[in-house]
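This is what each chain is made of:
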2 protein chains.
Amino acid sequence: MIRIALDALGGDFGATPNVLGALEAAKRLDAEIILVGDQTVIRRELTALGHSDLPKNISVVNAPDVIDMGADPAREVRAKKTASIVVCAELVHKGQADAFVSAGHSGAAMVAALLRMGRIKGVLRPAIATPMPTYEGVSLLLDGGANADCKPIHLLQFAVMGSAYMEKVFDVKDPSVGILSIGEEETKGNHLVKCTVPHMRDIGVNFKGTVEGRDVNTGETDVIVCDGFVGNIVLKMAEGLAKTMMNMIKREIKKRPLAMAGALLSKGAFKAVKKHTNPDNYGGAPLVGVNGVAIISHGKSNEVAIFNALKTAVKLVKKDFIGDVAQKMAALKDTFERIEAECAHEGENNG
Amino acid sequence: MIRIALDALGGDFGATPNVLGALEAAKRLDAEIILVGDQTVIRRELTALGHSDLPKNISVVNAPDVIDMGADPAREVRAKKTASIVVCAELVHKGQADAFVSAGHSGAAMVAALLRMGRIKGVLRPAIATPMPTYEGVSLLLDGGANADCKPIHLLQFAVMGSAYMEKVFDVKDPSVGILSIGEEETKGNHLVKCTVPHMRDIGVNFKGTVEGRDVNTGETDVIVCDGFVGNIVLKMAEGLAKTMMNMIKREIKKRPLAMAGALLSKGAFKAVKKHTNPDNYGGAPLVGVNGVAIISHGKSNEVAIFNALKTAVKLVKKDFIGDVAQKMAALKDTFERIEAECAHEGENNG
């Protein structure tokens, strides 16, 4: 049976959403959930939820240490061998779990995955792949913030891993890939984009060209690649702008009694939009490229978000996402080496 | 009297919004508007609008050539000396106009301004400064897309010019400045941000630290600086996402008869939000750093947008924005030279 380690105390709301999500997963998914964290707290939570006897496919692994949110994640992960996130990654590394899910400190989760699980052979930089709601469905943006500075070879590898992810998790056949840029012409963009584009057709992905800012949320392509600096700004901005717009609408409605009545009648429509754009429904953001399934959930994850992240983890394990990426990396080994050499040269001329 | 050259046929809707905006400006502003473009078309438009006799503070300068939107803007500007945008910039350069406004091809407008008017002494890279609606008011983002790849010194100069702009146009005293980045800590970000931040306090602006993507539209700071690649993506994304969200809301409302009734009642509130977020009300985006006032308006500018751009141009001339920036650049000459030398060094070590 597939075993998923869950960072049981990770996230802004402590044990409750994690344990609730795990209980739901244990009921509905064909998987064992390993709750990793301070066992006293986990047991107390389970008892409070009426599960003083563990369901048969839930187990607990004690990991009493806590990552200091304010400290340097790399140092914390190295120093605290029994922090829950470190134990999660270690369980995957030792083959005692097939995947981990954490809503805790995302920097620490990344470092733990990288240090304890290592990278898939050939992958230079793991990336955060974030499913973003679009008008019709969902696009996968990567890198969502793991690598602030990138080289062309990194973006190319993100394209390969992102395509594999959309195939496995969202069942998209031959996913289309775009590179985030300015202007539609392939000759525009910054130095990184201009060096990356010419190689996009050599790596076996369904490359569709550049995607402009205005099309990030229209579903123009299934996968959008960019460096982690731009990606993180785009993701956070989407979140912030949606909230600001909703607040503006509320403010104007509150000024108008008739509009207040109207808003009551339209409530269902707004709820539907909120549901569609809610990240909780998209199963967390995997760190792709590490040698094992690692899913990083939003700090504000509720039990639905945790359940969906666990469900995604099971899917990735079942469909052997890691094996698939490893195989693609092996097949592209020579191509990537050639591109890396060529791009180093390009950098010298134009950088 | 202040004289503003207007690219009379620029923009997606031809002469009409330009001429209407000019007529309104001639009536309400203490300025002369010079309509630049094919004089036959301009005269025909004026006649159609009941002005076969020119109002006393409107004049026409013939510029029959047209910039090919698909061609390379630099080549077009060099080749077509009587294209309207080239003539506009030339009029400013020769002192026959104090400023120009164009809703035409923005690339061509930038090149024309740069080639014909030159830069303010000390400015390395002119930038597009775009006013962005926030929850309460407006923030100025620069660079909006003129420079895809930037160095620290460029961002620092954007901060100085953006502050001057917010003071002059939006009457903000000691405007706050943020640098767009990921994470709130000043130690995070990409290489460019990390090299820029330590110098932000040396240049006499009211630096408040980093601004994350989620705060781009909350009005965290009056000025937000970033490179033109990130800036263009942010601006286009704000536009696209707002539209996508409105479309999603509409779609859900249409599915529900009660919500349709509700939407009718709330119409005023939505109109108010639309008005507040409408770029037409913010007077176009100036190209700051060129040696003269140059305002680039959205291609979809209507007569309100054109009027507001003309009004902003008058304000910038009246308040001697160019003189103010020139003075600041002169005062910071040694500081900028020192920083440039230091950053070249930093680049070698960490780049």
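Described in the following lines is the structure provided in the data block. Model, not experiment: these values are computed from the prediction.

So, how was this worked out
Residues numbered from 1 in each chain as written. Chains lettered and ligands numbered in written order. Predicted model: local features only at pLDDT ≥ 70, side-chain atom pairs only at ≥ 80, totals over all residues. Heavy atoms only, no water. Core = buried A, V, L, I, M, F, W, Y, C linked by side-chain atoms within 4.5 Å. Buried < 20%, exposed > 50% of the residue type's maximum accessible area, 1.4 Å probe, protein only. Contact = heavy atoms within 4.5 Å. Buried area = accessible area lost by both parts, 1.4 Å probe. Salt bridge = Lys/Arg side-chain N within 4 Å of Asp/Glu carboxyl O. Polar contact = N/O pair within 3.5 Å; in protein donor to acceptor, adjacent residues only side chain to side chain. Helix = DSSP H or I, 4+ residues; strand = E, 2+ residues; numbered from the N terminus. Nonpolar A, V, L, I, M, F, W, Y, C, P; charged D, E, K, R; others polar. Patch = residues over 30% accessible without salt bridge, like charges linked within 9 Å, V, L, I, M, F, W, Y side chains within 5 Å. Areas by Shrake-Rupley, 256 points an atom, 1.4 Å probe, with all protein chains shown as cover.

**Digging into the nonpolar core**
Across soluble globular proteins, you tend to see nonpolar side chains buried next to one another. If you look at the biggest cluster of nonpolar residues, it comprises 175 residues, and the most contacted ones within it are L35(A), I203(A) and I203(B). Those residues in contact with I203(A), other than ones at most four positions away along the chain, are L156(A), A159(A), V160(A), L332(A), T335(A), F336(A) and I339(A).

**A few points about the interface of chain B and chain A**
Taken together, the contact between chain B and chain A spans 55 residues of the former and 55 residues of the latter. Surface buried jointly by chain B and chain A totals about 4,900 Å² across both partners, of which 75% is contributed by carbon and sulfur atoms. On the chain B side of the contact with chain A, Y135(B), F229(B) and M237(B) bury the most area, a combined 14% of that side's loss. Counting across the chain B and chain A interface gives 2 salt bridges. The salt bridge partner of K236(A) is E212(B), with a shortest N-O separation of 2.6 Å. Counting across the interface, chain B meets chain A through 6 residue pairs in polar contact (both at pLDDT 80 or more). Listed by contribution, the elements that provide at least two residues to the side of chain B that touches chain A are α7 (191-196), α8 (228-254) and α9 (257-277) of chain B. In terms of residue count, α8(B) provides more of the side of chain B that touches chain A than any other element does, 22 residues in total. Here the residues of the side of chain B that touches chain A are counted per class, giving 28 nonpolar, 18 polar and 9 charged.

**Some thoughts on the side chain of T335(B)**
As for its position among the elements, T335(B) is in helix α12 (residues 333-350). Among all residues touching T335(B), those that are not within four sequence positions of it are D202(B) and I203(B).

**Overview of a nonpolar patch on the surface**
A contiguous nonpolar surface patch, about 360 Å² in accessible area, is contributed by L258(A), L265(A), L258(B) and L265(B). Going through the elements one at a time, α9 (257-277) of chain A together with α9 of chain B are the ones with two or more residues in the nonpolar patch. Counting through the fold element by element, L258(A) comes out in helix α9.

Fair warning: the whole summary comes from geometry, so function is off the table for now.
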